[in-house]
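# Secondary and tertiary structure notes
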Amino acid sequence: MLKIIKVKNYEEMSKEAAKIIAETVKARPNGVLGLATGSTPIGTYRKLIDMYESGELDFSELTTVNLDEYRGLTGENDQSYYYFMHKNLFDHVNLRKDASFLPDGSKANAQEECKRYEELVKNLGYADLQLLGIGRNGHIGFNEPSDVFEVTTHCVKLTDSTIDANKRFFESESDVPREAYTMGIGTIMHARKILVIASGVDKALAVRDSFFGPVTPKVPASILQFHQDVVVVADEAALSLSN
Ligand code: GLP
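Below is a summary of the structure that appears in this document. Predicted model, so just to flag it, every value in this text is computed and none were measured.

## Quick notes on the nonpolar core
Counting residues in each nonpolar core, the largest one holds 71 residues, and the members touching the most others are Tyr45, Leu48, Leu89, Leu195, Leu224 and Val233. Considering each element in turn, this core owes the most residues, 7 residues, to helix α1 (residues 10–27). With sequence-adjacent residues up to four places away left out, Leu48 is seen in contact with Ala18, Ile21, Leu57, Phe59 and Leu89.

This is the structure we're talking about:
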């Protein structure tokens, strides 16, 4: 079942998303939380940090898994998702140091790394809740538009649209990695609950095509229409093309 929650703006989206995540963490304090990167979840993480600081939320028994990571970047690189997660969440809450997992961008053998990460997520029992942002082209994680839905963790070549969208974080476009590791569509769909967040007019087309159009690998997020428990928290601008 797909539920859409329309909110006013980014701030309201962040509050609502953090509230939903907090409910899951409180219900299963030793569960698995699936996390995402990008500018969209930063406000949500800020709210979760506030809840931790006020004593409302405890991360001490929780395990986290992240969706994706650039291939070729080590954790020390400030553009890696490892770095992003530490800076925006992990360093500010009481998660155990060995309880947060991401694909390892520094591994030379892509096939082995994909297999290792898929097994790891599977052995954890997959996510209780997976948080997702959405790419301008409807991608989730780094599952780019394609002719097929890739099921398990795999290595992708990033599309020009994604390289263009992500270049703002790098010194120049040529510094943006061309490849990334990402959970597959199947890995994501195994999550018991999926929370999609979207803000801004840049996401309006992706939101419309993902949740109000046909299910197709050309719009990877559209597969979420087949999941039994999806909540989309989107602001007015992101929903401006959807009725
Ligand atoms: C990246 C990430 C996605 C994210 C998307 C949108 O490509 N791999 O997981 O959802 O960007 O990012 P933003 O939230 O910055 O728009």
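What follows picks up the thread again.
## Considering the pairing of strand β9 (residues 193–198)
Regular strands have side chains that alternate between both faces of the sheet. Counting buried residues along β9, 5 of its 6 residues qualify, which places the element largely inside the surrounding structure. Of the pairings in the sheet, the one linking strand β6 (residues 129–132) to β9 comprises 4 bridges and is parallel in character. Note on β9: the bridge partner recorded for Gln130 is Ile194. Handedness of the β-α-β unit built from β9, helix α7 (residues 204–211) and strand β10 (residues 230–235) comes out right-handed.

## Looking at unusual backbone geometry
A negative phi angle is the norm for most residues apart from glycine, just as the trans form is the norm for most peptide bonds. Of note in the backbone geometry, Tyr126 takes a positive phi value of approximately 65° without being a glycine. Take Tyr126: it is sitting in the loop between α4 (110–123) and β6.

## Looking at the site of the ligand
Every one of the 14 residues lining the ligand counts as a neighbour, but Ser39, Thr40, Asp68, His139 and Lys203 are closest to it. Within the contact set of the ligand, an oxygen atom lies 3.4 Å away from a side-chain nitrogen or oxygen of Asn166. Here an oxygen atom of the ligand sits 2.5 Å away from a polar atom, N or O, in the side chain of Lys203. Within the complex, 93% of the 390 Å² of free accessible area of the ligand lies under protein. Among the residues making up the shell around the ligand, the classes are represented as 3 nonpolar, 8 polar and 3 charged.

## Structural notes on the pattern of salt bridges
Tallying each qualifying case throughout the model produces 19 salt bridges. Of the charged contacts, one joins Asp147 and Lys218 as a salt bridge, the two residues approaching to 2.5 Å between their closest N and O atoms. Linking Asp147 in the loop between β6 and β7 (154–157) with Lys218 in the loop between α7 and β10, this pair joins segments that are 71 residues apart in sequence. Shared partners join several salt bridges into a network, and the residues in it are Arg28, Asp128 and Arg192.

## Considering the packing of helix α2 (residues 42–53) against helix α3 (residues 81–88)
Their axes nearest at 10 Å, the elements α2 and α3 cross at an angle of 40°. As summarised for this structure, α2 and α3 are arranged oblique, according to the angle between their axes. For the pair formed by α2 and α3, the contact residues are Ile42, Tyr45 and Ile49 on the first element and Phe84, Met85 and Asn88 on the second. Of the residues belonging to the contact of α2 with α3, the class tally is 5 nonpolar, 1 polar and no charged.

Cut-offs and rules
Residues numbered from 1 in each chain as written. Predicted model: local features only at pLDDT ≥ 70, side-chain atom pairs only at ≥ 80, totals over all residues. Heavy atoms only, no water. Core = buried A, V, L, I, M, F, W, Y, C linked by side-chain atoms within 4.5 Å. Buried < 20%, exposed > 50% of the residue type's maximum accessible area, 1.4 Å probe, protein only. Helix = DSSP H or I, 4+ residues; strand = E, 2+ residues; numbered from the N terminus. Contact = heavy atoms within 4.5 Å. Pairing = 2+ DSSP bridges. Right-handed = clockwise from strand over helix to strand, strands pointing away. Near = heavy atom within 4 Å. Polar contact = N/O pair within 3.5 Å; in protein donor to acceptor, adjacent residues only side chain to side chain. Areas by Shrake-Rupley, 256 points an atom, 1.4 Å probe, with all protein chains shown as cover. Nonpolar A, V, L, I, M, F, W, Y, C, P; charged D, E, K, R; others polar. Salt bridge = Lys/Arg side-chain N within 4 Å of Asp/Glu carboxyl O. Axes fitted to C-alpha atoms, helices over the stretch in contact; angles between N-to-C directions. Parallel < 35°, antiparallel > 145°, perpendicular 65-115°, else oblique.

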